[in-house]
Structures are given as structure tokens and as C-alpha cells.
Amino acid sequence: MAVNVSELKEKFAELYGGSKEVKAYFAPGRVNLIGEHTDYNGGHVFPCALTIGTYGIIRPREDRKLRLYSMNFHNMGIVESSLSDLVPSDAAGWTNYPKGIMWTFEKRGYHLDRGADLLFYGDIPAGSGLSSSASLEVLTGLMLRDTFGFDISMVDLALIGQYSENHFNGMNCGIMDQFASAMGRKDCAIFLDTNTLQYEYAPVKLPDAKIVITNSNVKHSLVSSAYNDRRNESESALKALQTVVDIQTLGDLTEQQFEQYKDAVQDPVCRKRAKHAVYENQRTIHAVEALKANDIETFGKLINESHVSLRDDYETSCEETDLLAELAWNVPGVLGSRITGGGFGGCTVSIVKNDSVDRFIQTVGKAYTEKTNITAEFYVVDIGDGAHALD
Ligand code: GLA
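Reading the values: rules and limits
- Residues numbered from 1 in each chain as written.
- Predicted model: local features only at pLDDT ≥ 70, side-chain atom pairs only at ≥ 80, totals over all residues.
- Heavy atoms only, no water.
- Pairing = 2+ DSSP bridges.
- Helix = DSSP H or I, 4+ residues; strand = E, 2+ residues; numbered from the N terminus.
- Contact = heavy atoms within 4.5 Å.
- Axes fitted to C-alpha atoms, helices over the stretch in contact; angles between N-to-C directions.
- Near = heavy atom within 4 Å.
- Polar contact = N/O pair within 3.5 Å; in protein donor to acceptor, adjacent residues only side chain to side chain.
- Areas by Shrake-Rupley, 256 points an atom, 1.4 Å probe, with all protein chains shown as cover.
- Domains from an automatic or database assignment.
- Buried < 20%, exposed > 50% of the residue type's maximum accessible area, 1.4 Å probe, protein only.
- Left-handed = near helix turned anticlockwise from the far one by under 90°.
- Nonpolar A, V, L, I, M, F, W, Y, C, P; charged D, E, K, R; others polar.
- Expected span 1.5 Å × (residues − 1).
- Salt bridge = Lys/Arg side-chain N within 4 Å of Asp/Glu carboxyl O.

K.L.:
So what's going on with the sheet that holds strand 5 (residues 79-82)? Residues and values would help.
P.N.:
The strand order across the open sheet formed by 6 strands is 5-4-6-3-1-13, and the pairing between neighbours is mixed. On the outer flanks of this sheet lie strand 5 and strand 13 (388-389), each paired with one strand and no other. Bridge count between strand 4 (residues 65-70) and strand 6 (residues 116-122): 5 bridges; the pairing is parallel. Bridging across to strand 6, Leu-68 finds its partner in Leu-118. The strands touched by helix 3 (residues 132-148) are strand 1 (23-32), strand 3 (47-60), strand 6 and strand 13; relative to strand 3, the strand with the most contacts, the crossing angle is about 45°. Along the sheet, helix 5 (residues 176-183) makes contact with strand 1 and strand 3, crossing strand 1 at roughly 130°.

K.L.:
Provide a residue-level description of the site of the ligand, including the pertinent values.
P.N.:
Neighbouring residues of the ligand: Arg-30, Glu-36, His-37, Asp-39, Tyr-40, Cys-173, Gly-174, Met-176, Asp-177, Tyr-227, Gly-341 and Gly-342. Contact between the ligand and Asp-177: an oxygen atom at 2.6 Å from a side-chain N or O atom of the residue. Within the contact set of the ligand, an oxygen atom lies 3.4 Å away from a backbone nitrogen or oxygen of Gly-342. Relative to its free-state accessible area of 310 Å², the ligand is covered by the protein chains to the extent of 95%. For the shell around the ligand, the domains that each give at least three residues are domain 1 (5-203 + 385-389) and domain 2 (209-381).

K.L.:
Can you break down the environment of Asn-330 residue by residue, with the values?
P.N.:
Its place among the elements puts Asn-330 in the loop between helix 10 (319-329) and strand 10 (334-340). Distance in space between the C-alpha atoms of Asn-330 and Thr-363 is 9.6 Å, their sequence separation being 33 residues.

K.L.:
Which residues make up the pairing of strand 3, and what are the values?
P.N.:
For strand 3, a buried count of 11 out of 14 residues is recorded, marking the element as mostly surrounded by other parts of the structure. Across 9 bridges, strand 1 lies against strand 3 in antiparallel orientation. The partner of Pro-28 across the bridge, within strand 3, is Gly-53. Both strand 3 and strand 6 contribute to a ladder of 7 bridges, which runs antiparallel. Opposite Tyr-55, over in strand 6, you have Tyr-121 as the bridge partner.

K.L.:
So what about the environment of Phe-378? Which residues, and what values?
P.N.:
With respect to the helices and strands, Phe-378 occurs in strand 12 (residues 377-381). A sequence separation of 306 residues divides Phe-378 from Asn-72, and the C-alpha atoms of the two residues are 21 Å apart. If we ignore the near neighbours within four places in the chain, the residues touching Phe-378 are Val-212, Ile-213, Thr-214, Phe-360, Ile-361, Val-364 and Gly-365.

K.L.:
An account of helix 5 is needed here, citing residue identities and associated values.
P.N.:
Where burial is concerned, most of helix 5 is hidden: 8 out of the 8 residues are buried. Inspection of helix 5 places Met-176, Asp-177, Gln-178, Phe-179, Ala-180, Ser-181, Ala-182 and Met-183 among the buried residues, and these make up the whole buried set.

K.L.:
Which residues make up the packing of helix 10 against helix 11 (residues 357-372), and what values do they have?
P.N.:
Packing of helix 10 against helix 11 leaves a shortest axis separation of 10 Å and a crossing angle of 140°. Judged by the sense of rotation from one axis to the other, the crossing of helix 10 with helix 11 is right-handed. Here Glu-320, Leu-323, Leu-324, Leu-327 and Ala-328 of helix 10 lie close against helix 11, whose contacting residues are Phe-360, Val-364, Ala-367, Tyr-368, Lys-371 and Thr-372. Among the residues making up the contact of helix 10 with helix 11, the classes are represented as 8 nonpolar, 1 polar and 2 charged.

K.L.:
Can you tell me about helix 3, naming the residues and giving the values?
P.N.:
Along its 17 residues, helix 3 runs 24 Å from first to last C-alpha, staying within 8% of the 24 Å computed at 1.5 Å per residue. Along helix 3, 13 of the 17 residues are buried, which leaves the element largely enclosed by surrounding structure. In the segment just after helix 3, Gly-149 is the residue with positive phi, at about 70°.

K.L.:
Run through unusual backbone geometry, naming residues and quoting values.
P.N.:
Its identity as a non-glycine residue notwithstanding, Leu-197 has a phi of 65°, on the positive side. Note that Leu-197 resides in the loop between strand 7 (188-193) and strand 8 (198-203). In this structure Leu-197 comes out as partly exposed when scored by relative accessible area, which is 22%. Unlike most non-glycine residues, Phe-344 shows phi in positive territory, near 60°. Counting through the fold element by element, Phe-344 comes out in the loop between strand 10 and strand 11 (345-353). Owing to a relative accessible area of 11%, Phe-344 belongs among the buried residues under this scheme.

K.L.:
How would you summarise the pattern of salt bridges if you had to cite specific residues and measurements?
P.N.:
If you walk through the whole model with that rule in mind, you get 22 salt bridges. With a closest N to O distance of 3.0 Å, Asp-117 and Arg-61 form a salt bridge. Note that Asp-117 is positioned in strand 6 and Arg-61 in the loop between strand 3 and strand 4, a separation of 56 residues in sequence. Exposure class is identical for Asp-117 and Arg-61. Each is buried.

K.L.:
Kindly report on the packing of helix 4 (residues 154-167) against helix 5, identifying the contributing residues and their values.
P.N.:
A pair of packed helices can be characterised by two numbers: the angle between their axes and the separation between those axes. The geometry of helix 4 relative to helix 5 is characterised by a closest axis approach of 8 Å and an angle of 145° between their N-to-C directions. Judged by the sense of rotation from one axis to the other, the crossing of helix 4 with helix 5 is right-handed. Within the contact between the two elements, helix 4 uses Met-154, Val-155, Ala-158, Gly-161, Gln-162 and Glu-165 and helix 5 uses Gln-178, Phe-179, Ala-182 and Met-183.

Any link to function would need more than the numbers given here.
This is the structure:
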């Protein structure tokens with residue numbers, strides 16, 4: 001849906017009244033092209049910001065009150081709270097995300113002495129794994145920074161978002177999603193070393209192909225606990241490897257080194273997790289080299305290998321996304337296809353030749369519904385800019 005910012009402002013005035021100046025902001029969702037589950041293993045990622053995301057309108061208040069409203073959760077109405085009551089709770093639902101950012105601001109010494117009236121609207125499909133929560137976090141941070149005049153860099157806003165998600169919302173995520181939302185650049189993917197936070201923008205020039213996201217429309221439960229399990233398994237593997245080789249993270253190892261030292265990891269599950277982290281990191285580095293050399297075939301092949309590794313070694317795929325990837329691989333003109341994001345449902349990302357996009361959508365969509373009884377959704381996406389003010 002095309003979002004009309006003046007309509008959001010009208011809604012704001014209808015809810016909160018007053019004609020005083022309000023400001024509008026946007027923070028995008030992301031799709032990761034390759035480099036999955038490497039961002040908490042000291043590896044590289046290669047995400048890009050989308051043109052869908054979360055919009056926010058803010059007006060500061062004179063007191064410490066907070067009023068929060070989301071057009072996506074209009075059933076909850078206006079949620080009233082206060083800067084003195086920044087505690088997570090199940091009942092607070094979606095408002096735990098903006099509140100977590102305020103809580104993190106306080107923790108980092110950015111003192112908020114006035115509250116705000118806030119309105120949000122997001123056009124990222126719910127449960128799709130395209131980072132609606134990260135976009136809401138980065139958006140809230142940006143709105144607070146601008147409204148209350150703090151000197152905080154965009155990278156720090158990403159780190160604040162991650163901290164809040166880890167410590168306020170209990171999801172032990174890495175930095176990728178918030179970084180992509182804060183730092184995205186139109187028509188570029190971000191080649192980010194999550195160990196050092198050094199990054200480089202790589203233009204995604206695909207004159208003959210499109211990036212197509214396929215939403216499986218399934219989200220298996222216990223996603224965040226399964227995610228946190230993967231983190232723990234990767235950490236155990238790292239500890240075991242550190243007894244035989246001097247490394248700080250799994251991202252420090254080449255494939256050859258991993259093969260040389262892997263027997264130090266006795267638990268076969270943890271060994272598989274580490275294998276994925278090491279190989280996926282190297283695949284990401286090679287994929288970026290291939291893209292820079294305009295070798296889209298190799299780029300696509302590495303994308304396929306990433307899926308196989310997530311399916312067999314990291315086990316964050318699921319039947320439905322495996323099916324989507326396998327169906328895609330069989331369509332002529334598909335250069336690569338893999339599950340993207342945290343996993344256990346959500347979306348695949350595919351690189352599809354321009355003249356095959358229609359056939360891809362028809363063939364994959366039909367076969368997917370026949371096998372699962374679920375309707376997949378397809379988005380041919382553009383790469384957009386990171387979070388910014390709208391006026
Ligand atoms: C989720 C997390 C990210 C990253 C991906 C997997 O999206 O929020 O930090 O770990 O999963 O690559």
C-alpha cells in the first residue's frame with residue numbers, strides 16, 4: 001500500500017487533537033541477500049533496506065506522559081504510559097518496542113524528561129521476518145534523537161535498537177536488522193563485518209534480474225527460543241574450538257581451518273552449527289566479490305548453497321521455506337533462492353531474470369498452494385534508503 005503521510009498526520013490530529021507542529025519519520029525493513037546467522041558469530045552479512053517499513057509521527061509533550069497508537073494494532077487503541085514506567089510486559093504488546101528504546105536511551109545517559117504523543121503505521125507484512133520490529137526500534141530512536149536534540153550517530157541508533165531488543169524484549173538478536181534499517185542506501189546492499197562494524201556499500205546492479213521476496217505465510221512458534229538456542233550452540237562450539245585454536249569468533253576461521261580443528265567440537269549438533277557459521281561467512285565474502293565482478297551466476301549459486309546450509313547444518317529452515325526454495329531452483333531464469341532472515345518460516349529471497357519473473361510467481365505460487373494449502377505472496381522489491389525524516 002502506498003502510504004500517504006498527510007493521512008497519517010490527519011489521523012494523529014484526530015487522535016491527539018491540537019494543531020501544533022508534528023514531525024514524520026520512516027525506517028525501513030530489510031532483506032538479507034546472504035550471510036545468515038553470522039551476525040552474532042563475528043561474521044559478515046549482506047542485507048539491504050527495503051522501501052517498505054514503519055512510519056512514525058511524533059509530538060513532544062510538556063509532561064512525562066506517553067501516548068502510543070499503532071494503526072496496525074488499532075484494537076489496542078491509544079496506549080497510555082509514562083517515562084516513569086518503562087517496564088516490559090506481555091500486556092503492553094507492540095508498545096514494548098518503542099518503550100524499550102526509551103529505556104535504553106535512559107540507560108545510555110540520554111535523559112528524557114518529557115514524554116511524547118506517537119503514532120505508528122507499518123507496511124511490512126506481519127510475521128514475514130522482514131524486520132518490522134527492528135524498523136520500529138530504529139524509527140523510535142531517530143524520532144527521540146531529533147525531537148529532543150541528542151547527538152547520536154545512526155550506527156549508535158542501530159546499537160541502541162539491538163540492545164533494547166536483547167535486554168527489554170528478550171530476543172538475543174545480532175546487529176544486522178537494526179544496522180540495515182538505520183544505514184541502508186538506495187540500490188545498495190551493505191557488506192558489514194559484524195565483528196568490527198566496518199561496512200561498505202555494494203551497488204546491487206542487476207540490469208537483467210529482480211530481487212523477489214516470497215512470503216511463505218507461515219511462522220512457526222518458539223521462533224525466539226529456537227533462535228536463542230542456535231546462539232548458545234554456536235557459543236559452545238566456539239568455546240570448544242578455542243581450546244585448540246586462537247580465535248575470538250567463528251568468523252575468524254577459514255573453511256580449511258574449520259576442517260582442521262572441527263573435531264574439538266564433540267557435540268555433533270554444535271559442530272554442524274559452527275560449520276554453517278564458518279562456511280556462510282566465507283560464502284558471503286565470495287558472494288560480494290562475485291557481485292562486484294558482475295558475476296551474477298556465482299552470486300546466485302552461493303545463495304543456493306546458503307539455503308542448503310541453513311536447511312541441513314543450521315536447521316533454521318522449515319518444510320515450507322524448503323519447498324519454496326526447491327520450487328524456485330527448478331524454474332528456468334532463477335539465479336538463486338534461499339530462506340532469508342531468522343528462519344522457522346517467513347520469506348525466501350530469489351534473484352530472478354526479468355523475463356522469468358511472471359513465470360516464477362505463477363509456477364512457484366501454484367505448486368506451493370497445491371502442496372501446502374497456503375497461499376504464498378510475492379514482492380518484487382526495490383532497495384531503499386535507511387531511516388530518515390520525511391519533512
Ligand atoms: C534475525 C536477527 C538477526 C540475524 C538473523 C539471522 O533477523 O534479528 O540479528 O541473526 O535473524 O541472520
